[in-house]
Amino acid sequence: MKDADVEPFFATLQAANPAPETELEYSSVFELLAAVLLSAQATDAGVNKATRRLFPVAGTPQAILDLGLERLEEFIKTIGLYRTKARNLLETCRLLVERHGGQVPRTREELEALPGVGRKTANVVLNVAFGEPTMAVDTHIFRVSNRTGLAPGKDPLEVEMKLLERVPPKYLPDAHHWLILHGRYVCVARLPQCWRCAVRAYCDYEPKTAAPGA
């Protein structure tokens, strides 16, 4: 993607969705952290289905500790890798209570010190909860960044660093939402839906796909 195309690329995404939001459901910073932790290798819809039951019963670190491992597993057993995620979430809650007064820390280092919280999860929390201009590179962003030529890279960290360089500062707070949604619903993995893509004019992918039956 040419440098001159980056600005209109994001301006077009912004015009279509001026206030993008995560599709994970939450009502507090802790619930956001828990939902993102649970979402690894799972769909947002699947996580939301489980947390709609979990959070009204246990929406704080102490409340989840009070549940205990077996009851927590019952709430999230429909999510992939639920046993590992339950252990990580429980240990994260213990550390939040013991080290942070039950509050979610605001630094990357403290977030990444929590079990099950890697760079991507930390970036989501820093961006969505605290408004920091981070780039949480998931499979959708990785694919879109490489396919469009916006920020090609061989691994998520390389893509993240390139995005931080190329995305104009005014778009950074919302950029990861736009790219995720674009990858989830338009620039999909199996076959990009170029025929209905609003930013196809700025994309390096060739040949552009035609509508089915066209």
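Residues numbered from 1 in each chain as written. Predicted model: local features only at pLDDT ≥ 70, side-chain atom pairs only at ≥ 80, totals over all residues. Heavy atoms only, no water.

**Here we look at the side chain of Thr-51**
Put simply, the rule is: Only runs of H or I of at least four residues qualify as helices and only runs of E of at least two qualify as strands under DSSP, and these elements are numbered from the N terminus. Contacts between residues were defined by any pair of non-hydrogen atoms, one from each residue, lying within 4.5 Å.
By secondary structure assignment, the location of Thr-51 is in helix α3 (residues 44–57). Thr-51 has contacts with Glu-25, Leu-38 and Pro-56, leaving out every residue within four places of it along the chain.

**Let's talk about the state of the cysteines**
Convention followed: Pairs of cysteine sulfur atoms within 2.5 Å are what we label disulfides. Three exposure classes are used, based on accessible area relative to the maximum for each residue type with a 1.4 Å probe and protein chains only: buried under 20%, partly exposed in between, and exposed over 50%.
Here the structure, examined in full by the defined rule, presents 0 disulfides. This cysteine, Cys-194, is not joined by any disulfide, and Cys-203 carries the nearest cysteine sulfur, 6.4 Å off. Given a relative accessible area of 7%, Cys-194 falls into the buried group. Unpaired in terms of disulfides, Cys-203 finds its nearest cysteine sulfur in Cys-187, a separation of 6.2 Å.

**Quick notes on the nonpolar core**
Applicable threshold: Nonpolar core, defined: a set of buried Ala, Val, Leu, Ile, Met, Phe, Trp, Tyr and Cys residues in which side-chain atoms within 4.5 Å join the residues together.
Residues Phe-30, Leu-54, Ile-64, Leu-72, Ile-76, Leu-89 and Leu-111 are the most contacted members of the largest nonpolar core, which totals 37 residues. Those elements giving two or more residues to this core turn out to be α2 (29–38), α3, α4 (61–67), α5 (69–76), α6 (82–100) and α8 (119–129). Among all residues touching Ile-64, those that are not within four sequence positions of it are Phe-30, Leu-54, Ala-58, Leu-72, Leu-89, Leu-90 and Cys-93. Of all hydrophobic cores here, the second largest spans 24 residues; its members include Leu-163, Tyr-171, Trp-178 and Val-199.

**Thoughts on the environment of Arg-94**
As a reminder, the rule being used: Polar contact criterion, stated in full: a pair of N or O atoms within 3.5 Å, where within protein one must be able to donate a hydrogen and the other to accept it, and residues adjacent in sequence count only if both atoms are side-chain atoms.
With respect to the secondary-structure elements, Arg-94 resides in helix α6. Linking Arg-94 and Leu-114, residues 20 residues apart in sequence, is a C-alpha distance of 9.6 Å. A distance of 2.3 Å separates polar atoms of two side chains, one belonging to Arg-94 and the other to Glu-91. Polar contacts involving the side chain of Arg-94 include one to the side chain of Glu-98, which spans 2.6 Å.

Everything listed here is a matter of geometry and, on its own, says nothing about what the molecule does.
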